[in-house]
Amino acid sequence: MKWDFDTRCIHGEAHAWADGARSVSFPIYQTATFGHSMIGHEQFNYTRQDNPTRQQLEEVVASLEEADSAIAFSSGMAAIAALTEILRPGDHLVCGEDLYGGTTRLFSQICEKNGVTVSFVDTTDPAKLEEAMRPSTRLVHVETPSNPMMTVTDIRACADIAHAHGALLSVDNTFLSPVFQRPLTLGADAVLHSGSKYLSGHNDTIAGFLVLNDRDLTERFRLIAKTIGAALAPFDSWLVLRGLKTLHVRMQRQQENARFLAHALQRHPAVREVLYIGLPEMPGYAVNRRQTSGTGAMISFRVRDEATARRALERVRLITFAESLGGTESLLTYPLTQTHCEVPEALRRKLRIDGTLLRLSVGLENAEDLLADLTQALEA
Ligand SMILES: Cc1ncc(COP(=O)(O)O)c(C=O)c1O
């Protein structure tokens, strides 16, 4: 019998002792290389390509995403960069227009330099995606909900369009994690994660994952991963394994906090707009409800003017003014000068990523304490 998700966060698919000492916490195999007793009987070789701690982590992540395999990288960006290694000069990549700024930079600067043509498209509208597809399109990449505008893309509709044109669909599942959304079960071919966020969950490590459901694709990407050498180190693999044990509990509680704060922010006189996918007035609410089991803990909101936004960033005391998201500590981010500072200005303007926009990653602190901090930070 397959264990429930909560159990698999802790044990993966099978509770096997990793070593003769019967360690309850999976050991950190802090070694560069592994000895062999005979030629051709190597279980592990060299940590850039395989390591037991990383393998255990990959098995747990694959299980949570209902996938065949997961490959752990040294960062989310390393995982996304590895994904783009299947593209050749002349290929076409279609991606959502609202993406994490680092992903936009990778696609527009590195992929284009390598001869790949990139189209940024509003993937919330399947008709626009269909229109953007070309005979040379090999990959469609989306974030849902997107960073930072919290738009929602219909994964199944995108998968159908991508497949009809012979392309793959990859979905960045960083914001909701497999607790709430499993894109492979909706037709996606690959799932990406910044493991630095909810999966590890404690703002203490950088990691990334490429999760797959196809044996051939897995072989291709394992070759890419071991060749480019951006593998997750044993200690960081262990930190993510430890974080995953509480993933289901953290995400439920962070979501509760976020729901409370989203409604409170809507009532605040300095707040003009709250972008949280749990609010029924959000355009993506119905699609998100259909394809997920939750709304997560990321809130973007627009305040009355730029001065109010800048003041709030400097005034928060319990919440930290910082990049990143998904950890136990709440973080307030200014997309304009931080995560999205390198997004081309025309695109930023179109998306309305301006000086009044703040992004809040709601952590595990007491919700009333968080509200009190936001309230004092937003005072005139
Ligand atoms: C949605 C999303 N994807 C990918 C990344 C990149 O991950 P990393 O910072 O682990 O390289 C981030 C980072 O903020 C992100 O928010």
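Look up: the structure comes first, before these words.
Cut-offs applied
Residues numbered from 1 in each chain as written. Predicted model: local features only at pLDDT ≥ 70, side-chain atom pairs only at ≥ 80, totals over all residues. Heavy atoms only, no water. Helix = DSSP H or I, 4+ residues; strand = E, 2+ residues; numbered from the N terminus. Rg over C-alpha atoms; globule rule 2.2 N^0.38 Å. Areas by Shrake-Rupley, 256 points an atom, 1.4 Å probe, with all protein chains shown as cover. Pairing = 2+ DSSP bridges. Axes fitted to C-alpha atoms, helices over the stretch in contact; angles between N-to-C directions. Contact = heavy atoms within 4.5 Å. Left-handed = near helix turned anticlockwise from the far one by under 90°. Nonpolar A, V, L, I, M, F, W, Y, C, P; charged D, E, K, R; others polar. Phe/Tyr/Trp six-rings, centres within 6.5 Å; stacked < 30°, edge-to-face > 60°. Buried < 20%, exposed > 50% of the residue type's maximum accessible area, 1.4 Å probe, protein only. Near = heavy atom within 4 Å. Polar contact = N/O pair within 3.5 Å; in protein donor to acceptor, adjacent residues only side chain to side chain. Expected span 1.5 Å × (residues − 1). Bend = angle between axes of the 7 residues up to and from the residue.

On to the overall build of the chain. On a plain count of helices and strands, the chain comes out with 14 helices and 12 strands. The C-alpha radius of gyration of the chain comes to 21 Å, within 12% of the 21 Å expected for a compact globule of 380 residues. Its C-alpha atoms give the chain principal-axis dimensions of about 70 × 50 × 35 Å. For the chain, the computed accessible surface area is about 16100 Å², with 50% contributed by carbon and sulfur atoms.

With respect to topology, 7 strands assemble into an open sheet ordered 1-7-6-5-4-2-3, the strand pairing being mixed. Bordering the open sheet on either side are strand 1 (69-73) and strand 3 (117-121), each of which pairs with just one other strand. In this sheet, neighbouring strand axes are inclined to one another by 20 degrees on average, regardless of whether the strands run parallel or antiparallel. As paired strands, strand 2 (residues 92-96) and strand 3 are joined by 5 bridges and run parallel to one another. Along strand 3, the bridge assignment pairs Leu93 with Val118. Of the strands in this sheet, strand 1 and strand 7 (208-212) are in contact with helix 2 (residues 52-64), which crosses strand 1 at around 130 degrees.

With that settled, consider the packing of helix 3 (residues 76-84) against helix 4 (residues 101-113). Helix-helix packing is described using two parameters, namely the angle between the two axes and the distance between the axes. Interhelical geometry of helix 3 versus helix 4 gives an angle of 35 degrees and a closest axis separation of 11 Å. Crossing handedness for the pair helix 3 and helix 4: right-handed. Mapping the contact onto sequence places Met77, Ile80, Ala81 and Thr84 in helix 3 and Gly102, Thr103, Leu106, Phe107 and Cys111 in helix 4. A breakdown of the residues in the contact of helix 3 with helix 4 according to their chemical character gives 6 nonpolar, 3 polar and no charged.

Before going further, it helps to examine the packing of aromatic side chains. The full count for this structure, using the stated rule, is 3 aromatic pairs. Centroid distance Phe26 to Tyr29: 6.3 Å. Interplanar angle 55 degrees. Geometry classified as tilted. Looking at Phe26, the relative accessible area reads 17%, which means it is buried. Seen in terms of ring centroids, Phe34 and Phe44 are 5.5 Å apart; in terms of plane orientation they differ by 40 degrees. Their pairing is tilted. Of the two residues, Phe34 is situated in the loop between helix 1 (5-11) and helix 2 and Phe44 in the loop between helix 1 and helix 2; the sequence distance between them amounts to 10 residues. On the basis of relative accessible area, Phe44 is assigned to the buried category, the value being 12%.

Attention shifts here to the site of the ligand. Taken together, 14 residues surround the ligand, and among them Gly76, Met77, Asp172, Ser194 and Ser196 come closest. In this structure, Ser194 approaches the ligand through a side-chain N or O atom, which is 2.8 Å from an oxygen atom. Within the side chain of Lys197, one N or O atom sits 3.0 Å away from an oxygen atom of the ligand. Across the complex, the protein chains shield 92% of the 390 Å² of accessible surface that the ligand would expose by itself. Sort the elements by how many residues they give to the shell around the ligand and helix 3 lands first, with 3 residues. Each residue belonging to the shell around the ligand can be placed in one class, and the counts come to 5 nonpolar, 6 polar and 3 charged.

With respect to the secondary-structure elements, Val171 resides in strand 5 (residues 168-172). Ignoring sequence-local partners within four residues, the contact set of Val171 consists of Val142, Thr144, Ile155, Pro183, Ala188, Ala190, Val191 and Leu192.

Taking 1.5 Å as the rise per residue, helix 4 with 13 residues should run 18 Å; its terminal C-alpha atoms sit 17 Å apart, in good agreement. At Phe107, helix 4 is deflected by roughly 25 degrees, the largest bend along its length. Of the surrounding secondary structure, the elements contacted by the buried residues of helix 4 are helix 3, strand 2, strand 3 and strand 4 (137-143). In the segment just after helix 4, Gly115 is the residue with positive phi, at about 90 degrees.

For the bond running from Thr144 to Pro145, omega is -5 degrees, close enough to zero to count as cis. Tracing the sequence through the fold places Pro145 in the loop between strand 4 and helix 6 (155-164). The peptide bond linking Asn147 to Pro148 adopts the cis configuration, its omega dihedral lying at 10 degrees. Inspection of the secondary structure assignment puts Pro148 in the loop between strand 4 and helix 6. Positioned with a positive phi, Arg22 is a non-glycine residue whose angle comes to about 55 degrees. Along the chain, Arg22 turns up in the loop between helix 1 and helix 2. For Arg22, a relative accessible area of 52% gives the class exposed. One non-glycine residue, Met150, lies in the positive phi region at around 60 degrees. Looking at the element boundaries, Met150 is found in the loop between strand 4 and helix 6.

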